[in-house]
Amino acid sequence: MSKQIVLTGIKPTGVPHLGNFLGAIKPAIELANMPEYEARYFIADYHSLNSIRDPEVLKEYTYEVAASWLACGLDPSKALIYRQSDIPETFELTTILMAFTAKGLMNRAHAYKAQVDVNNEKKNPPDHGINMGLYTYPVLMAADILLFDSNLVPVGRDQKQHIEMAQDIAEAINHNYGKPLLTIPEPRINEETETVTGLDGRKMSKSYGNTITLFLPEKKLKKTINKIVTNSQALEEPKDPETCSVFALYKLFATKEEQDKLATVYRAGGMGWGFAKNELFEKINEVLTPIRTRYEELMADKSVIDNILLEGSAKARILAAEKIKVLRNAMGFRV
Ligand code: ADP
Ligand code: TRP
């Protein structure tokens, strides 16, 4: 049986955080290491253009995301890693997909709707601050996915709707031409890590400013973990691990036995939040220390990252060009 194609992208809009790591990067690397999958992981830099308008900042974030993939264990000999902007075929496919995308579908996209809601709340006109890049964001994302005949797209819960939109658009094209020109992708969402909680108990997200970023030096990591919001229960009171953000994060790093042990301490009473936070810090730090070291090495000499990305995009472009040729031919364009 031919290998399944697994593909995902991360926008360079800041240093990745624990939500990105657990929800997308780690599960994606696990898939890349399995022999039945062929992986394509990219940096969605054109998606960032909607919000990042400073060229130096965009460049730096791009390196940070690339270095994160590599530091977290992505092996470039097992997966293609590339910049979205190095694959111009993506943008040709975007134009093709536009013609098959109902405007109503875009009206329902979460990211766009969220911005309209903010505008309504602030009594701004509904389109205030919304550019066509944001409005048509799911079409570009569909092009990223469909260009490589992706079967599986590992992401966090928030991206599910976008992948369903890619399915809808692909089906419209396949239906029109009466053949399976495009592969219908499926989201791969890991139940345990589909929504990692942030410092304030909401979904961890750059847009909420509640993140724990991946490569904080130890002291800063400790300080950030201390900011996790807990309730005001006194030291002696028994505490409920299941409703606690500290424990929710601890669960994602600790073994079952360690979780049971800490849960017992919670329920017994006499445990202060400082203790729980320290347990969490120790666990996270243990996992992140080797990754942080590798990340720092990569960021100190960016030529390694540059070479890996260039090699990845050269290989990806060959595949992309073949796909575009098939589509152009099927649609009546010169090939
Ligand atoms: P952010 O919301 O911080 O801007 P991105 O949208 O760049 O994060 O997300 C990149 C990837 O990480 C996506 O696959 C997304 O689903 C995943 N992800 C982001 N935040 C979380 C979270 N809190 N829990 C699980 N996965 C997440
Ligand atoms: N929209 C994704 C996010 O915000 C990033 C992304 C762009 C992506 N293109 C993609 C994810 C293709 C998976 C597949 O996180």
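The rules we used
- Residues numbered from 1 in each chain as written.
- Chains lettered and ligands numbered in written order.
- Predicted model: local features only at pLDDT ≥ 70, side-chain atom pairs only at ≥ 80, totals over all residues.
- Heavy atoms only, no water.
- Helix = DSSP H or I, 4+ residues; strand = E, 2+ residues; numbered from the N terminus.
- Expected span 1.5 Å × (residues − 1).
- Bend = angle between axes of the 7 residues up to and from the residue.
- Buried < 20%, exposed > 50% of the residue type's maximum accessible area, 1.4 Å probe, protein only.
- Near = heavy atom within 4 Å.
- Polar contact = N/O pair within 3.5 Å; in protein donor to acceptor, adjacent residues only side chain to side chain.
- Areas by Shrake-Rupley, 256 points an atom, 1.4 Å probe, with all protein chains shown as cover.
- 1 Å grid on protein atoms, 1.4 Å probe; cavity = no way out; pocket = protein on both sides within 12 Å on 5 of 7 lines; lining within 4 Å.
- Sits in = over half its atoms within 2 Å of the grid points.
- Points joined across faces, edges and corners; volume = space filled by probe spheres on them.
- Nonpolar A, V, L, I, M, F, W, Y, C, P; charged D, E, K, R; others polar.
- Salt bridge = Lys/Arg side-chain N within 4 Å of Asp/Glu carboxyl O.
- Axes fitted to C-alpha atoms, helices over the stretch in contact; angles between N-to-C directions.
- Parallel < 35°, antiparallel > 145°, perpendicular 65-115°, else oblique.
- Contact = heavy atoms within 4.5 Å.

Draft legend 1. Looking closely at helix 1 (residues 18-32). End to end, helix 1 covers 20 Å across 15 residues, agreeing with the expected 21 Å (1.5 Å per residue, within 8%). Residue Ile25 marks the point of greatest curvature in helix 1, where the axis turns by about 35 degrees; the proline Pro27 follows within four residues. The buried fraction of helix 1 is high, at 13 of 15 residues.

Draft legend 2. The arrangement of the site of ligand 2 in detail. In the vicinity of ligand 2 lie 14 residues, with Lys11, Tyr137, Met141, Asp144 and Gln159 positioned nearest. At 3.5 Å, a side-chain N or O of Lys11 approaches an oxygen atom of ligand 2. The side chain of Gln159 places a nitrogen or oxygen atom 3.0 Å from a nitrogen atom of ligand 2. About the coverage of ligand 2: the protein hides 91% of its 370 Å² of free accessible area. Cavity membership is defined here by more than half of the atoms lying within 2 Å of grid points; on that basis ligand 2 lies in the largest pocket. Of all the secondary structure elements, the ones that give two or more residues to the shell around ligand 2 are strand 1 (4-10) and helix 8 (137-146).

Draft legend 3. Region of interest: the layout of surface pockets. Quantified by volume, the largest pocket comes out at close to 1,500 Å³. Taken together, 46 residues form the lining of the largest pocket, with Lys11, Asp158, Gln159, Ser205 and Ser207 sitting closest to its centre. Mapped by element, the contributors of at least two residues to the lining of the largest pocket are strand 1, helix 1, helix 2 (45-48), helix 6 (110-121) and helix 8. It is helix 6 that contributes the most residues to the lining of the largest pocket, 5 residues altogether. When the residues that make up the lining of the largest pocket are grouped by side-chain class, the tally is 17 nonpolar, 22 polar and 7 charged. In this model, the second largest pocket occupies a volume close to 220 Å³.

Draft legend 4. Representation of the pattern of salt bridges in the model. What the rule picks out here adds up to 18 salt bridges. The salt bridge involving Glu92 is made with Arg328; its shortest N-O contact spans 2.8 Å. Taken together, the positions of Glu92 in helix 4 (residues 89-98) and Arg328 in helix 14 (residues 302-331) put the pair 236 residues apart, joining distant regions of the chain. Residue class for Glu92 comes out partly exposed when judged on its relative accessible area of 30%. In this structure, Glu242 and Lys251 form a salt bridge, with 3.4 Å as the shortest nitrogen-oxygen distance. With a relative accessible area of 36%, Lys251 lands in the partly exposed category.

Draft legend 5. Quick look at the environment of Thr289. Note on placement: Thr289 falls in helix 13 (residues 273-300). Note: C-alpha distance between Thr289 and Lys325 (36 residues apart in sequence) is 46 Å. A distance of 2.6 Å separates the side chain of Thr289 from the backbone oxygen of Asn285, its partner in a polar contact.

Draft legend 6. Region of interest: the packing of helix 8 against helix 9 (residues 160-177). Where helix 8 contacts helix 9, the axes come no closer than 9 Å and their chain directions differ by 75 degrees. Overall, the two elements helix 8 and helix 9 adopt an arrangement that is roughly perpendicular. Listed contacts from helix 9 to Tyr137, Pro138, Met141, Ala142, Ile145 and Leu146 of helix 8 are His162, Ile163, Met165, Ala166, Ile169 and Ala170. Of the residues in the contact of helix 8 with helix 9, the class split is 11 nonpolar, 1 polar and no charged.

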